[in-house]
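# Descriptive analysis of the structure
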Amino acid sequence: MLQKCQLTLSFAVCLLLMQPFTGFAVEEFKVSEYGKGEQIWFEAEAFDERDSEDAYKLGKGEKAVDPADGAFGDIVTNTGRDGWILYRFDISRAGGEAGEWRFIGRLINPSNHSDWLWVLGDDGNVIPKNKPVFIRPDHIIFEENVPAWTWMRTGDFGQDAGTINELQDGENVMIIWWRQSSLQVQYDVFCWSSDLEYAPTDEDYQKAAKKTLSVEPDGLLTTTWGRLKR
């Protein structure tokens, strides 16, 4: 019996030693308190899921298109195919609470090739398996002619449209669904702001505080030991 316990404990210790290399999924983002509210920022390439590799693609990483000069890292574009790309973000890490938030994107979009935005809670309580029925202008984002890097705050030629949404406390889910976007469109950085009038700048993004969302080791030994005993 003693030998079995020692063997099990040794195995648990090995798992803990391996954890930093195999068990930590870290997501990087930034937070700030500009204007009269809070902001959470994340780069477009830091998506959590997508339906395939055929529609939304990394510019440099998947050789879809070279990122324009001035991009913060890689970009996300679309090959002109129907599809979706999903992001999870936690507004509590920015000190934010449930309520109306504005979605803002740093992008290039010279031919106003807009997309749809779906937000969990605001547009439905279950993440859809199939493309929802979208309504113009309620769900349109970035229907603007933007030939150079711009922090775009509007959805449909000056209207808020799909950019203002009710976010939930804690984690939120947003899905960008294809409408018109093409290889002309480059998504660089996304920002959610609880100050609906806030207008971001590149300097604001650079100065925002870096954060990480990771699996914390707290309680890991207890959890691992319990699973091993079972």
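Residues numbered from 1 in each chain as written. Predicted model: local features only at pLDDT ≥ 70, side-chain atom pairs only at ≥ 80, totals over all residues. Heavy atoms only, no water.

## Observations regarding the overall build of the protein
Looking only at helices and strands, the protein has 3 helices and 14 strands in total. Counting over 230 residues, the protein shows a buried share of 45%. Within the protein, residue pairs in contact and separated by at least 24 positions form 78% of the contacts whose partners lie at least 6 positions apart. Counting only carbon and sulfur atoms, one obtains 51% of the accessible surface of the protein, whose full area is about 12,100 Å². (Helix = DSSP H or I, 4+ residues; strand = E, 2+ residues; numbered from the N terminus. Buried < 20%, exposed > 50% of the residue type's maximum accessible area, 1.4 Å probe, protein only. Contact = heavy atoms within 4.5 Å. Areas by Shrake-Rupley, 256 points an atom, 1.4 Å probe, with all protein chains shown as cover.)

## Thoughts on unusual backbone geometry
The step from arginine 136 to proline 137 runs through a cis peptide bond, and the omega angle for that step is 5°. Tracing the chain through its elements places proline 137 in the loop between strand E8 (115-119) and strand E9 (140-141). Located in the positive-phi region is lysine 63, a residue other than glycine, with phi close to 60°. Residue position: lysine 63 is located in the loop between strand E4 (56-58) and strand E5 (76-78). Even without glycine at this site, phenylalanine 157 takes up a positive phi of about 45°. In this fold, phenylalanine 157 is placed in the loop between strand E10 (146-152) and strand E11 (164-167). Under the relative-accessibility criterion, phenylalanine 157 is labelled partly exposed at 44%.

## Let's talk about the confidence of the model for the protein
A low pLDDT means the predicted coordinates there should not be read in detail. Counting all residues, the mean pLDDT for the protein is 86, and 81% of those residues have values of 70 or more. Across residues 7-26, confidence stays below pLDDT 50; counting only partners more than four residues off in sequence or on other chains, it has 20 contacts. Counted against residues more than four places away or in other chains, residues 215-230, with its pLDDT under 50, gives 15 contacts. (pLDDT = per-residue confidence, 0-100.)

## Comments concerning the pattern of salt bridges
Under the counting rule described, the total for this entry stands at 11 salt bridges. The residue aspartate 82 makes a salt bridge to lysine 131 at a minimum N-O spacing of 3.1 Å. Here the residue aspartate 82 occupies a position in the loop between E5 and strand E6 (84-90), and lysine 131 occupies one in the loop between E8 and E9, the gap between them amounting to 49 residues. Here aspartate 82 falls in the partly exposed class, since its relative accessible area comes to 45%. As a salt-bridge pair, glutamate 171 and arginine 88 come within 3.7 Å of each other at their nearest N and O atoms. Of this pair, glutamate 171 sits in strand E12 (residues 171-177) while arginine 88 sits in strand E6, placing them 83 residues apart in sequence. Glutamate 171 sits in the partly exposed class, given a relative accessible area of 44%. (Salt bridge = Lys/Arg side-chain N within 4 Å of Asp/Glu carboxyl O.)

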